[in-house]
Amino acid sequence: MVKKEFLVTPGEPVGVIAAQSIGEPGTQMVLRSFHYAGVASSIATSGLPRLVEIVDTRKKPATPFSYIYLKGKAAKDFDTAEQIVKKISEVRVSDVARRVLENFSTGTITIKLDEQKMNANELTPRGIASKIEKLMKTESAVSGNAIQIKTHTKKAKEIRMMAVHISKLTVNGIENAGRAVIKQDKKTEEFYIVTNNSSVGQILQVDGVDTSRVYTNDIFEMYRTFGVEAARNTIAKELDIVLREQGINVDKRHLYILADAMTFSGGIKNVGRRGLSGEKESIFARAAYEETVKHLINAAAFGEKDDMRGVTENVLIGKQILLGTGTVSLAIKKEDLAKISEKKAKK
Amino acid sequence: MAKKSINEKCYVYINGKILGYVKDGRAYSDEVRKARRSGLLSGEVNVSYVKRLNAVHINTDNGRIRKPYIIVENGKSKFTSELREKLAKKEIDFAYLLRHGIIEYLDAEEEENALVVFHENEIANDTTHLEVDMTSIFGFTLNASPFPEHNNAARHAMLSNFIKQAQGLYATNFNLRFDSRSYLLFYPQKPIVSTAVYQAANMPKHPSGQNFVVALTTYYGYNMADAVVLNKGAVDRGLGRSMFYKMYSDEERRYPGGQKDIFRIPPATAEGYLGEHAYSKLSEDGIIEPETIVDEGDVLIGKVAPPRFLEESISAGGLEEKIRDDSTTLKAGEKGIVDSVIFTESTGATKVVKVRIKSLRVPEKGDKFASRQGQKGVAAYIVPQEDMPFNEQGIVPDLLLNPHSVPNRLTFGHLLEEIAGKAGALSGKIIDGTAFAEKGSKRIEDYGKILEEHGFDKFGDEVLYDGITGRKFRAKIFNGVVYYNRLYHMVSNKLQVRSRGPVQILTHQPTEGKARQGGLRFGEMERDVLVGYGASLLLKERLLDQSDKASVLVCKSCGNIGYYDYIKRTVVCPICGGTSIAEVEISYAFKLLLDEIKSMHIFPALKMKE
């Protein structure tokens with residue numbers, strides 16, 4: 001229940017106010033983008049670059065993170081949490097290999113494994129070999145800490161490409177999950193997992209993961225796995241994080257307006273030429289923004305019609321805008337009103 | 001290995017051109033230096049060994065910026081105490097020191113090879129040069145202001161600019177000069193707190209400021225945020241008073257085809273005739289007379305010119321040749337007295353007239369003042385003398401500076417100058433404020449002593465009384481004498497208003513800029529503010545009614561812009577020929593946009609709701 005007094009007045013230009021409320025403090029942000037040195041958590045892009053990233057809806061953030069909360073015993077017990085980390089944390093061949101050698105004359109690739117790294121990840125040479133065999137569909141031979149793989153080709157280029165491919169193979173954990181680290185919430189003392197990648201879909205299937213609280217700062221990943229509503233909330237939340245970090249206090253409702261504007265179509269639209277501004281209904285509003293000639297010519301080619309309902313168009317032609325005091329207009333003329341009452345009287 | 005052998009050769013360049021190579025560049029450059037010091041080579045030769053390139057650069061060309069240094073050899077300055085004494089007795093001069101290799105000039109490149117110290121006691125084994133004086137780390141403008149070593153560097157940048165903007169006695173032949181604009185301070189004073197550089201540059205002979213009595217106090221909020229309060233009594237007595245001179249000139253130009261301009265009162269038939277009244281102040285020759293009081297719009301130099309295009313004079317056909325009025329008028333918002341008129345000749349042997357207008361500039365609200373400490377302020381209120389604070393001797397400050405102007409900006413020099421100026425004024429002596437000449441604490445002691453001798457508080461604080469209530473201020477007020485400059489930014493030269501005025505031809509929107517009687521732009525962000533507030537009618541007024549409102553006839557059937565046919569006395573649509581046309585009010589900019597769209601071969605049709 002929302003009390004009527006708290007509702008915004010009809011005709012209030014909430015979008016313009018939101019834009020001003022975010023834009024004005026944003027101008028100060030450029031000058032104040034400071035960095036902490038050495039603190040791991042602050043490696044994430046912040047400040048204006050991150051803000052630009054969000055409103056431009058980049059397909060992948062420059063520094064993706066995902067936060068995986070745990071349920072049941074894992075949330076309270078470090079060892080159980082670590083078991084889950086082992087299932088999630090992505091280990092590639094290059095992570096455990098000391099060297100990857102190609103032999104072009106015999107057409108074999110030899111992977112020399114690092115014993116320490118293997119132990120740390122609880123992996124065996126044989127296990128890795130079988131995984132490679134399965135993924136690459138080749139045969140291999142294990143001797144000690146070395147794996148020899150047959151390539152069935154003598155072409156140097158193919159061998160090199162295969163070696164590169166093999167060293168990128170995921171041998172443990174979830175592909176594209178990134179490196180996972182356990183962290184503890186200072187308040188609730190709850191353990192949770194942070195990964196340095198945004199791939200979240202498969203993580204949901206891991207036992208012990210609290211699926212209702214999985215979160216990533218990658219808006220598109222949230223959109224793919226949880227839908228638009230989640231994407232919208234992520235946009236608002238990420239904007240809030242950026243602004244809060246800079247000590248800027250912007251009301252959340254302004255951010256919600258922006259997030260809503262970006263997602264109301266069911267997909268994610270950016271703010272700019274290829275999104276919100278470029279897809280406006282009015283020809284004049286689009287032409288006034290960017291690529292003026294393109295919009296005018298297309299409008300002419302398709303015989304488009306401008307209804308002149310937006311702000312930009314009406315400012316252009318010099319008409320009263322349909323916002324604020326311009327919202328209201330005469331519904332019935334005085335003479336017409338007299339006619340109606342006459343009709344009523346007849347009945 | 002081959003590469004290395006090349007590097008072993010140290011190439012020698014003279015003015016960028018290769019001369020040859022030596023084995024040891026460092027030793028070679030030392031040798032050249034020695035030759036220069038002994039007088040074998042000119043003192044204008046500079047040599048440097050560039051370690052990065054393993055090369056010796058010798059420069060003798062012009063345009064290098066060079067600076068003198070005292071030579072230090074074997075850990076000892078060559079400028080000995082005996083030489084110092086001799087110099088003081090004027091037995092020797094600077095040229096002697098240069099000749100005898102005691103002082104030498106280094107350029108930027110050679111400076112890279114030098115290790116310079118400020119003081120003699122800092123000399124180490126590898127020191128090569130000694131700074132002639134500590135003040136040489138500052139430039140001229142900074143050294144001409146007192147106590148720069150007590151101020152923040154950011155203020156240095158500002159004060160260096162302000163000094164250049166100060167009104168004063170800029171030239172002693174100002175009466176003969178016809179500068180396009182000049183400012184002349186009526187009663188320039190030499191500063192009580194002076195510096196060695198200021199004296200050496202003969203600046204006291206043409207100063208550019210006055211010694212103001214300054215109290216560091218607020219005045220009913222009139223000196224908030226870099227505003228200053230002035231004493232009307234002082235202003236009436238000539239404080240900061242100046243004359244503003246502006247020169248207008250014109251030339252009798254010659255055109256191809258034997259035509260030329262003529263200085264004369266234009267006939268009423270001339271194109272662009274301004275009306276009889278505008279020329280009323282001109283004398284017979286068409287030029288204004290000295291001592292005439294002139295106002296905006298008055299013609300100063302009457303001139304007629306041939307028409308701009310040849311066809312015009314031909315098509316006119318009549319006996320009398322068509323002429324154009326090309327007179328020079330006093331610009332909008334200006335007034336004054338004609339100071340001087342000269343006739344002269346240009347290099348192209350054409351007649352030139354120069355008219356100098358003067359106008360009195362008494363300090364008023366909005367004029368800018370600055371001390372020599374980077375403390376600028378705009379006069380916000382000129383208080384009658386009886387309302388100003390005063391001390392028990394009846395001394396009334398000339399200027400009230402807000403105390404908040406000091407702590408954040410770290411202009412301790414300003415405070416120091418106040419006490420120094422006060423001490424100088426009391427003792428009748430010029431105080432030396434040269435940078436690094438004395439320690440700050442020593443200075444405060446010295447000036448405090450003088451103040452106490454004359455019965456003042458040694459820190460410059462005084463009991464002041466409010467001029468309005470007559471009551472004693474609860475706190476003692478710090479005051480003193482500070483040298484202030486009146487800068488040439490004056491409101492009377494900048495003030496501009498517009499209610500109606502000229503519009504641009506293309507867009508029918510108001511013009512921009514003071515010279516064109518323009519308005520202030522109501523820009524995109526200002527528009528957004530009104531949109532955000534929902535003030536749709538105010539927005540329309542700003543952007544349409546007060547700007548480029550246009551009444552346009554639009555065809556109801558085809559949506560094209562029509563016109564009124566005065567012969568047929570009907571409205572017509574040029575496209576469909578229809579006569580059912582509505583008159584709509586739109587911005588001229590939109591009409592222009594429609595025209596431009598049409599020029600792209602796109603037909604924009606306007607559909608109207610009834």
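The model shown is predicted, which means the values in this text are computed figures rather than measured ones. Position numbers for residues count from 1 along each chain, tracking the sequence in the order it is written. As a convention, the first chain written is A and the first ligand written is 1, with the rest following in written order. Reporting of local features is limited, given that this is a predicted model, to residues whose pLDDT is at least 70; pairs of side-chain atoms are given and counted only at 80 or more, and all residues count toward the totals for whole chains, interfaces and linings. For side-chain calculations, the full set of non-hydrogen atoms in the structure is used, while hydrogens and water are omitted.

K.L.:
Hey, could you go over the overall build of chain B for me, with residue numbers and the actual values?
P.N.:
Where helices and strands are cited, they refer to DSSP runs of H or I of at least four residues and of E of at least two residues respectively, numbered from the N terminus. Tallying secondary structure elements over chain B gives 15 helices and 34 strands in all. In terms of C-alpha radius of gyration, chain B reaches 35 Å, well past the compact-globule figure of 25 Å for 610 residues. Buried positions account for 44% of the 610 residues belonging to chain B. With an accessible surface of roughly 34,100 Å², chain B has 53% of that area assigned to carbon and sulfur atoms. Restricting the calculation to C-alpha atoms gives the radius of gyration, and the globule rule supplies 2.2 Å times the number of residues raised to the power 0.38. Only protein chains enter the accessibility calculation, which uses a 1.4 Å probe; a residue is then buried when its area is under 20% of its type maximum, exposed when over 50%, and partly exposed in between. Computed with the Shrake-Rupley method and a 1.4 Å probe, the accessible areas treat only the protein chains shown as cover for residues.

K.L.:
So what's going on with the sheet that holds strand E14 (residues 242–251) of chain B? Residues and values would help.
P.N.:
Residue and element names in this part refer to chain B. If DSSP finds at least two bridges between two strands, the strands pair. Pairing is antiparallel in the open sheet, where 5 strands are placed in the order E10-E14-E22-E21-E16. Edge positions in the sheet fall to strand E10 (181–185) and strand E16 (293–294), since each has one partner strand and no second. Where E10 and E14 come together, 5 bridges link them in antiparallel fashion. Within E14, the residue paired with Ser-182 across the bridge is Tyr-245.

K.L.:
Mind laying out helix H7 (residues 153–165) of chain B, listing which residues take part and the relevant values?
P.N.:
Residues and elements named next belong to chain B. The terminal C-alpha atoms of H7, which comprises 13 residues, lie 19 Å apart, in line with the 18 Å expected from a rise of 1.5 Å per residue. Taken as a whole, H7 has its buried residues at Arg-155, His-156, Leu-159, Ser-160, Phe-162 and Gln-165. Packed against the buried residues of H7 are helix H6 (140–143), strand E23 (368–371), strand E24 (376–383) and strand E30 (477–486). Where H7 begins, the capping side chain belongs to Asn-152, and its oxygen is found 2.8 Å from the backbone nitrogen of Ala-154. How far a helix is expected to stretch is found by multiplying one less than its residue total by 1.5 Å. Note on contacts: a residue pair is in contact if any heavy atoms of the two residues lie within 4.5 Å. Here a polar contact is taken to be a pair of N or O atoms separated by no more than 3.5 Å, where protein atoms must pair a possible hydrogen donor with a possible acceptor and residues adjacent in sequence count only if both atoms sit in side chains.

K.L.:
Residue-level account of the pairing of E24 of chain B, with values.
P.N.:
All names here are of chain B. Judged from the 5 bridges that link them, strand E13 (residues 227–231) and E24 form a sheet pairing that is parallel. Looking at the pairing, Asn-231 lines up with Val-383 of E24. Here 3 bridges tie E23 to E24, and the two strands are oriented antiparallel to one another. When the bridges of E24 are listed, Phe-369 appears paired with Gly-377. Taken together, E23 and the strand that follows it, E24, pair antiparallel across an intervening segment of 4 residues, in which Gly-374 is found at a positive phi of about 75 degrees.

K.L.:
Could you give me a rundown of the side chain of Gln-375 of chain B, with the residues and numbers involved?
P.N.:
Residue and element names in this part refer to chain B. Within the secondary structure layout, Gln-375 lies in the loop between E23 and E24. With a relative accessible area of 1%, Gln-375 lands in the buried category. Among the polar contacts made by the side chain of Gln-375, one reaches the main-chain carbonyl oxygen of Ser-405 at a distance of 2.7 Å. Within the local environment of Gln-375, its side chain forms a polar contact with the side chain of Thr-411, the two groups lying 3.0 Å apart. In this structure Gln-375 touches Asp-226, Phe-369, Ala-370, Ser-405, Val-406, Arg-409, Thr-411, His-414 and Tyr-484, once residues within four positions along its chain are discounted.

K.L.:
Provide a residue-level description of the packing of aromatic side chains, including the pertinent values.
P.N.:
Any two rings among Phe, Tyr and Trp, with Trp reduced to its six-membered ring, count as a pair given centres within 6.5 Å; such a pair is stacked if its planes are under 30 degrees apart, edge-to-face if over 60, and tilted if neither. Applying the stated criterion across every chain, the model contains 18 aromatic pairs over all chains. Ring centres 5.6 Å apart and planes at 80 degrees place the aromatic pair Phe-284 of chain A and Phe-590 of chain B in the edge-to-face group. One end of the pair, Phe-284 of chain A, is in helix H11 (residues 283–289); the other, Phe-590 of chain B, is in helix H15 (residues 588–599), on a second chain. Assigned by exposure class, Phe-284 of chain A and Phe-590 of chain B land together as buried. Here Phe-186 of chain B and Tyr-187 of chain B contribute two aromatic rings whose centre-to-centre distance is 6.2 Å and whose plane-to-plane angle is 80 degrees, an arrangement assigned as edge-to-face. When its relative accessible area of 33% is taken as the criterion, Phe-186 of chain B is described as partly exposed. Residue Tyr-187 of chain B is classed as partly exposed on the basis of its relative accessible area of 47%. Taken together, the ring pairs connect Tyr-219, Tyr-220, Tyr-222 and Tyr-381 of chain B into an aromatic cluster. Between Lys-237 of chain A and the ring centre of Tyr-215 of chain A, over which it is positioned, the NZ or CZ distance is 4.2 Å. Two thresholds decide whether a charge sits over a ring: the Lys NZ or Arg CZ must be within 6 Å of the ring centre and within 35 degrees of the ring normal. The cationic tip of Arg-356 of chain B hangs over the ring face of Phe-178 of chain B; the distance from NZ or CZ to the ring centre is 4.8 Å.

K.L.:
Report on a positive patch on the surface, specifying residues and quantitative values.
P.N.:
Residue and element names in this part refer to chain A. Together, Lys-343, Lys-344, Lys-346 and Lys-347 give the surface a local cluster of positive charge. Structurally, Lys-346 can be placed in helix H14 (residues 334–346). On the basis of relative accessibility, which here comes to 74%, the residue Lys-346 falls in the exposed class. Within this analysis, patches are made of residues with over 30% relative accessible area and no salt bridge. Like charges are joined at 9 Å or less; nonpolar side chains (Val, Leu, Ile, Met, Phe, Trp, Tyr) at 5 Å or less. For salt bridges, the criterion is a side-chain nitrogen of Lys or Arg within 4 Å of an Asp or Glu carboxyl oxygen. For this count, His and the chain ends are skipped, Lys and Arg are scored as positive, and Asp and Glu as negative. For this purpose, a charge sits on NZ of Lys, CZ of Arg, CG of Asp or CD of Glu.

K.L.:
Lay out the interface of chain B and chain A with the relevant residues and their values.
P.N.:
In this assembly, 21 residues from chain B lie in contact with 23 residues from chain A. A simple way to read buried area is as the amount of 1.4 Å-probe accessible surface that goes missing from two parts once joined, with both sides added. Here chain B and chain A share an interface that buries about 1,700 Å² over both sides, 74% of which is from carbon and sulfur atoms. A per-residue breakdown of the area chain B buries against chain A is headed by Val-531, Ser-536 and Phe-590 of chain B, which together make up 27% of the total. Linking chain B to chain A there are 0 salt bridges. Where chain B packs against chain A, one counts 7 residue pairs in polar contact (both at pLDDT 80 or more). Tallying contributions element by element places helix H14 (residues 536–548) of chain B first for the side of chain B that touches chain A, with 6 residues. Residues belonging to the side of chain B that touches chain A are distributed by class as follows: 13 nonpolar, 4 polar and 4 charged. Only Asp, Glu, Lys and Arg are considered charged, only Ala, Val, Leu, Ile, Met, Phe, Trp, Tyr, Cys and Pro nonpolar, and every remaining residue, Gly among them, polar.

K.L.:
Let's hear about the domain arrangement of chain A: which residues, and what values?
P.N.:
Residue and element names in this part refer to chain A. On domain assignment, one finds that chain A holds domain 1 (12–62 + 218–263), domain 2 (66–88 + 177–216) and domain 3 (91–172). An automatic or database domain assignment provides the domain bounds reported here. Placing the centre of domain 1 and that of domain 2 at their C-alpha centroids yields a distance of 24 Å. Between domain 1 and domain 2, the buried area comes to about 800 Å², and carbon and sulfur atoms account for 57% of it. Together, Glu-221, Met-222 and Phe-226 form the three largest contributors to the area buried by domain 1 at its contact with domain 2, with a combined 46%. For the pair domain 1 and domain 2, the interface holds 0 salt bridges. The interface formed by domain 1 and domain 2 contains 6 residue pairs in polar contact (both at pLDDT 80 or more). Listing elements by their share of the side of domain 1 that touches domain 2, those giving two or more residues are helix H8 (219–226) and helix H9 (228–245).

K.L.:
Before we move on, can you summarise the domain arrangement of chain B with the specific residues and values?
P.N.:
Per the domain assignment, the segments of chain B are domain 1 (2–137), domain 2 (143–241 + 365–486), domain 3 (243–361) and domain 4 (499–610). Its C-alpha centre places domain 1 of chain B at a distance of 61 Å from the equivalent point of domain 3 of chain B.

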